[in-house]
Each structure stands twice: as structure tokens, then as C-alpha cells.
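Structure at a glance
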Amino acid sequence: MPRNVKGVSLSVLLLVIGLALGLSLNTLINIVPSTTITQTILTTQHTTITVTQTILTTQQTTVTKTLATTVINYQTTNETFAIIFRIDDIATKWLPKITKNITTTFVLEGVPLTLAIVPKGEHGAITEDTDIVPFLRVFSMNRQLVEIAQHGWNQTNRPPNGEFRGLSFEDQYNNIIKGKKMLDETFYQYNGNVTTLTVTYNVYDENTVRAAAQAGFKVFSSKLQMDWWDSFVTPPNLHNKFDKTGILYLDWNVPFFDENLKEPYPVHVTTDKCKIMLKIFGVCVILLHVQDFSNGGLDEVNERSYAALLGLIKELRKIPKTEFMTMRQYYEFRKRVSESVPST
């Protein structure tokens, strides 16, 4: 039986939201088969489920959407383990239907999600996107479930230095702050200031971190601190730690998608990796990309990837003393449970 929320069938609610987002009935049937509609939204003793009306007001128009909004009143302690989902490559005119579908799924599942947006992507600035921006504004009003983060500036790649490494402090700061101002101006009213920077191509240097801290970021997320995991050389120095600027290094350490096989990792593999990270660090950061859910590059949700995501969420919920959080929520959690911000 489909689960009811305040008397509203979850299957009907999902259908209404999908249609409101401009998805056809056939697309919805293909994207969300009946076996996924009945997934439990969230079951913890600290959680209540409500259905709310969210109103987005702009200078041009007022948009009203019905959303399934999960209000999470969790109480965290220093014994709490955190699981964070970070999804990269949200960008102008880049797989908008998939972006909407995956974001909606996380909201319906009651699982917080950090959305890493490229301020100025290949197809233009995020401010120019009249499709995805109104959608993200509406959903990001629920700050318990959605965090707007910054993914680099324009994804320019200068192999092997990526977008930032090797540039002067001034150049890195100017690019980072341009992106931050763009996202803050677009989403501040709905989601507050952007406080998480995720680094494109996982390449950076000391100037990148200094520039991020000076720009006002609180969380710095990449993979460089986790490179030891692949080489088994030495443990990372800063992962899940604050540096002298007060910025928290929070590297992704579990990939959702196998780039070599072009398919999601088996659910049990990803779950086991996450458990290892929780045991070592107390936090597991799972990295997704919008294109992980694409059918051959098309703006259509791949059913295998979608099923793997739902199965993963289901398995992760079984891990005791674990909370799903955004990166911003985890930063606040770490601040609360730490006596002070240590220097390194």
C-alpha cells in the first residue's frame, strides 16, 4: 500500500509534483515505477511529516507549488554518525529534468542533500536559467533538506591543475567570490548565504583554501585529503578537521557511480564503504553527479541508477546512531560538539 501523508497518497503526491515540474505522465511512469513510490519517507523518533504550501515570489510572478516537506527535529550528540549526500554539476541548461527528479526524490525521502552548483557553466551563468532556478528556489526554502553549495566557478580545466591550482591568490579569490556573489544573490532569500565550496576536478592548493576562507566559506570539500585511501600511504591530515582559518575540510570519500563501468556501484559495496568511513572518521560523504542518472547523455532518468539510489538510502537507514545531514548541518554539528575550533 502506498504510504499516506496527512491523508494524501504518496503516489498521488509524487505524480502531482512531477506534473507540476513539467514531466509528462509517461516520463513519470518510466522514472518512478510503482516499486519506488511506496518507499518510506523517513522513520525516526525525531521526525514528523507534513505537507505544506510553499510560495515563491519574484518580481515577475508568484509561483505556488505543493511540496512534501519533512521537518526534522533531530538531537545530535558526539556519538552521532553523519551521512552526507553531495551532488555535483548542477548547472545552467544541464540535465534539468534529472536535476528536478533527483532533488524531488531526496525531499520525498526526507534525506538532506547538498546541491553543488556551477555558477557559470558551459551553457551560461546560473542567473540566466529560468527553468532550474525557480525550482531550486522553491525546494531550497526547506533548509533542513536542501543546501545550496558552490562548485568551483566555471569548471575550466587546466590539466593537471584543474580550475584553481597554480593560479595566484588574487585570481583564485576573484573567481571564487564572483561565484559566491552570484549564488548568494540568486538563493540567499531562500537558502541563506552559500557556506560550502566543493572543488572542481579535486585539485587545489593552499591559495584555494585561503581564498575560500576569506570569501566566507565554512566548509571546503574535495578529495585531495583522501588520496591516501587509494595509495595506502599515510592518513590524511585535515579530513573532518578545522584548519587555522576555521574552515572545515570535508572530503567526499565514497563514490556512488563507477566511472569505468559507467554504472552505479552495487548497493552493498557503497554501503560497506560508507560503514568503513563512519568507523574511521564518523562521517561518510557520498558523491553523486547529475549525469550519473542520465540515459546515455539524455535528460532522462536511468532506472538502474535511480533504483540504486533508493536501495542505498534504504540500507543506510539501517545503520544505528546515524543521521543524514547536509554539509552545512554537519559543520554546525561539529561546532556544537567541539569545545573549540582547533588550529593545525
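Below you will find a few notes about this structure. Starting from 1, residues in each chain are numbered consecutively following that chain's sequence as written. Given that the model is predicted, a residue must reach a pLDDT of at least 70 before its local features are reported, and side-chain atom pairs must reach 80 or more before they are shown or counted; all residues, however, enter totals for whole chains, interfaces and linings. Hydrogens are left out, water is left out, and the side-chain values use all remaining heavy atoms of the structure.

A closer look at the pairing of strand β6 (residues 113-117)
Exposed residues in this analysis have more than 50% of their type's maximum accessible area, buried residues have under 20%, and partly exposed residues fall in between, with area computed by a 1.4 Å probe over protein chains only. The helix and strand labels rest on DSSP assignments: H or I over at least four residues marks a helix, E over at least two residues marks a strand, and numbering proceeds from the N terminus. Here β6 lies mainly inside the structure; five of its five residues are buried. Across the two faces of β6 the burial is the same, with Leu113, Leu115 and Ile117 and Thr114 and Ala116 all buried. DSSP-based pairing: two strands are paired if at least 2 bridges between them are found. Note: strand β5 (residues 81-90) against β6, three bridges, orientation parallel. Bridge pairing links Ile90 to Ile117 in β6. The definition of a right-handed crossover adopted here requires that, viewed with the strands pointing away, the path from the first strand over the helix to the second runs clockwise. Viewed along the sheet, the connection from β5 through helix α4 (residues 96-109) into β6 turns out right-handed. In this structure, β6 lies alongside strand β9 (residues 146-151), joined through five bridges in parallel fashion. By the bridge assignment for β9, Ala116 is matched with Ala149.

Brief notes about the packing of α4 against helix α5 (residues 132-140)
Between α4 and α5, the shortest axis-to-axis distance is 11 Å and the interhelical angle comes to 10 degrees. In terms of orientation, α4 lies roughly parallel with respect to α5. Contact residues: Pro96, Thr99, Lys100, Thr103, Thr104 and Val107 in α4; Ile132, Phe135 and Phe139 in α5. The class makeup of the residues in the contact of α4 with α5 is five nonpolar, three polar and one charged. Working convention: axes come from line fits to C-alpha atoms, limited for helices to the stretch in contact. Angles between N-to-C directions cover 0 to 180 degrees. Should an angle fall under 35 degrees it is called roughly parallel, over 145 degrees roughly antiparallel, and 65 to 115 degrees roughly perpendicular, with every other angle called oblique. Here, two residues are considered to be in contact whenever any of their heavy atoms come within 4.5 Å of each other. Under the scheme applied, nonpolar residues are Ala, Val, Leu, Ile, Met, Phe, Trp, Tyr, Cys and Pro; charged residues are Asp, Glu, Lys and Arg; polar residues are all the others, including Gly.

By themselves, these figures tell us nothing about what the structure is for.
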